[in-house]
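Report on the structure
For reference, the chains in residue letters:
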Amino acid sequence: MATRDAAAAPRRVPVVVVGGGPVGLALGNELGWRGIGCTIFERATGGTPDFPTCESINARTMEHMRRWGMAEAMRDAGFPPDIPRNVRFVTRVLGHELLCFERPSNRGFQTSLAQVTPEGGIWCPRMLFEPVLRRELGRYPGVSLEQGCEVAGFTQDEDGVDVEVLRLADGTTEMWRADYLIACDGAASTTRKSLGIALAGAFAEGHNVTVYFESSALRERLASRPGVMMDIVNPDGRANLSSVDGRDRWRLIEYAQPGQALDPERRIRQALGEDLPLTVIAAKPWAGHRVVAERFRDRRVFLAGDAAHLLWPRGGFGMNTGIGDVVDLGWKIGAVLAGWGGDELLDSYEIERRPVASRNVDEAASNRAEEAGLPVPPDIEADTPAAAEARKVLADIIRERRAKEWNSMGIQLGYAYDRSPICVPDGTVAPPASATDYAPSTRPGVRAPHAWLEPGRSTLDLYGRGFVLLSFGAGHDAATLLDAARQRGVPMQHIEIDDPGVASLYERHLVLVRPDGHVAWRSDGAPANALRVIDRVRGAAAA
């Protein structure tokens, strides 16, 4: 693309995305899939990320990727599909094993969870999945990724946002005009700062060092103990080792003191417990936070991902929460641009997503606190009967306190938009929130449940392009809602399902599902005022 100076006529695009990391790329795919043009501006110029982060893609995120048509490509991104995703607790990587949480492989999870989701989460570090997200953008002619670019500033008015873009290679600037700007520019978001939006919560709760290294010798030593992660617990401290590629590359995270020397080789060897051949690739210090932005929106500018919330990396919630943000926002922006979304629709973004972010931030911090609080006897590594007994006691404590981090279906699939102004409550009481347990339901605000309609075809495959009104059994009046949707220009499809099992799962004779797969309304009969229901779910309740 040719460079322009700031005095040239601005280039127009419906949406400008600031930041081309995982959340920004996911937003590009969401908008592209909906036929919404966008340009993503990213400072970096490289292809594959050069430092490992974000290893877990959860089940709900994979369901979104299924809708985008890339779930299979993500499973084939490069992480070996049949490595068990076991998590082992050890005194040292090559020391005493305390406990193993046995978990299926990427391929096995899809099978074992087939009754609650058509996908199942996968282990796929950022170095593997981000190139897939970037490559898939090429399917959408209205979506572009501009690398080596920085958003230098923006101003907004009632009709749009003027964006100044700096091209880092030559220092030239150019102006863009967008209907909306979405900030996916990470923890240090300049967009958030320029809007004066504060982060609320606890900063720098702990300091850490991450070391990225390569060692084929370690792969050989661990061949009899397959898995993807080891939590290291000993009197010297806490650390975590994870597999980056399922082969020779590893990531070590170790607790550290502020300002402490990186000293990566010493950290690796201390965690391993033996001296093995290895090559350090990189090392970085970082701090863990538990914060959420006080606001997710300022008129035509929105925050998503790490720009809106910062989580401890315990449980794999961070990137997945961010992708949930942009899926929620994507269909709403599409509805407003298409003219059928009401004035209140975009207001619902913060109302729906901020409570989810707060819950996930707190759950990640809880996982970290449980990890840090494990009682470790000073002689836990000794080869004595007393130490062996102490290891058994510690294993029991780990089993009780730490299992929830790797059993989080309640977080992944069970979140609900209970306070949403665009869902119609039906008077039923929400069950107690659980991080671990997921119970399918069609209470307004929850994810519509998965059921197989035929081999390979899920109820979730029905949702996405517009609203879907499901009816179960004969004689239930869907016509009034369909007519009201036509009057308001709201895209709605009516699907009749004649399956007693699916009918029982969906709990009501009529269930209205939003474009993001969440339930908007349900009843056993037609509403008394169908236009009022349609206006509410499209964000125009005042109408």
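Figured I'd write up the structure that's included with this text. (Residues numbered from 1 in each chain as written. Predicted model: local features only at pLDDT ≥ 70, side-chain atom pairs only at ≥ 80, totals over all residues. Heavy atoms only, no water.)

A word on the packing of helix α13 (residues 479-488) against helix α15 (residues 530-537)
The condition is simple: Structural elements are reduced to axes, namely lines fitted to C-alpha atoms, with helices fitted over the stretch in contact, and the angle between N-to-C directions of any two is expressed from 0 to 180 degrees. Put simply, DSSP H or I for four residues or longer makes a helix, DSSP E for two residues or longer makes a strand, and each gets a number counted from the N terminus. Any angle that falls under 35 degrees is termed roughly parallel, while one over 145 is termed roughly antiparallel, one within 65 to 115 roughly perpendicular, and all others oblique. Crossing chirality is assigned from the near helix's rotation relative to the far helix, an anticlockwise turn below a right angle marking it left-handed and a clockwise turn marking it right-handed. Contacts are residue-level and defined by heavy atoms, with any inter-residue pair within 4.5 Å sufficient.
Between α13 and α15, the shortest axis-to-axis distance is 8 Å and the interhelical angle comes to 55°. In terms of orientation, α13 lies oblique with respect to α15. In this structure, α13 meets α15 at a crossing whose hand is right-handed. Residues T480, L481, A484, A485, Q487 and R488 of α13 pack against A530, L531, V533, I534 and D535 of α15.

Observations regarding the pairing of strand β4 (residues 87-90)
The line we're drawing: Only protein chains enter the accessibility calculation, which uses a 1.4 Å probe. A residue is then buried if its area is under 20% of the maximum for its type, exposed if over 50%, and partly exposed in between. Whether two strands pair comes down to DSSP finding at least two bridges between them.
Burial along β4 is two-sided: V87 and F89 and R88 and V90, pointing in opposite directions, are all buried. Where β4 meets strand β5 (residues 97-101), four bridges bridge the pair, whose relative direction is antiparallel. Directly across from V87, in β5, lies its bridge partner F101. Counted between consecutive antiparallel strands, the loop separating β4 from β5 contains six residues.

Thoughts on the side chain of E119
Its location among the elements puts E119 in the loop between α4 (106-112) and β6 (122-123). Excluding anything up to four places from it in sequence, E119 contacts M62, E63, R66, A71, R75 and Q110.

Remarks on the layout of surface pockets
Which entries qualify depends on this criterion: The way it works is a 1 Å grid over only the protein atoms, where trapped points that fit a 1.4 Å probe form a cavity and open points with protein on both sides within 12 Å along at least five of seven lines form a pocket, and then any residue with an atom within 4 Å of a point lines it. Grid points are joined across faces, edges and corners, and a volume is the space filled by probe spheres set on the points.
In this model, the second largest pocket occupies a volume close to 550 Å³. R359, G414, Y415, A416 and D418 are, among the 26 residues lining the second largest pocket, the residues nearest its centre. Elements with a contribution of two residues or more to the lining of the second largest pocket: α10 (347-372) and α12 (409-413). At five residues, the largest contribution of residues to the lining of the second largest pocket is made by α10.

Side note on the sheet that holds strand β22 (residues 492-497)
The four strands are arranged β22-β21-β23-β24 in an open sheet whose pairing can be described as mixed. In the strand order of this sheet, the two ends are held by β22 and β24 (519-523), each with one partner. Averaged over neighbouring strand pairs, the angle between their axes works out to 15° when direction is ignored. Pairing analysis gives four bridges linking strand β21 (residues 467-472) to strand β23 (residues 510-513), with the strands arranged antiparallel.

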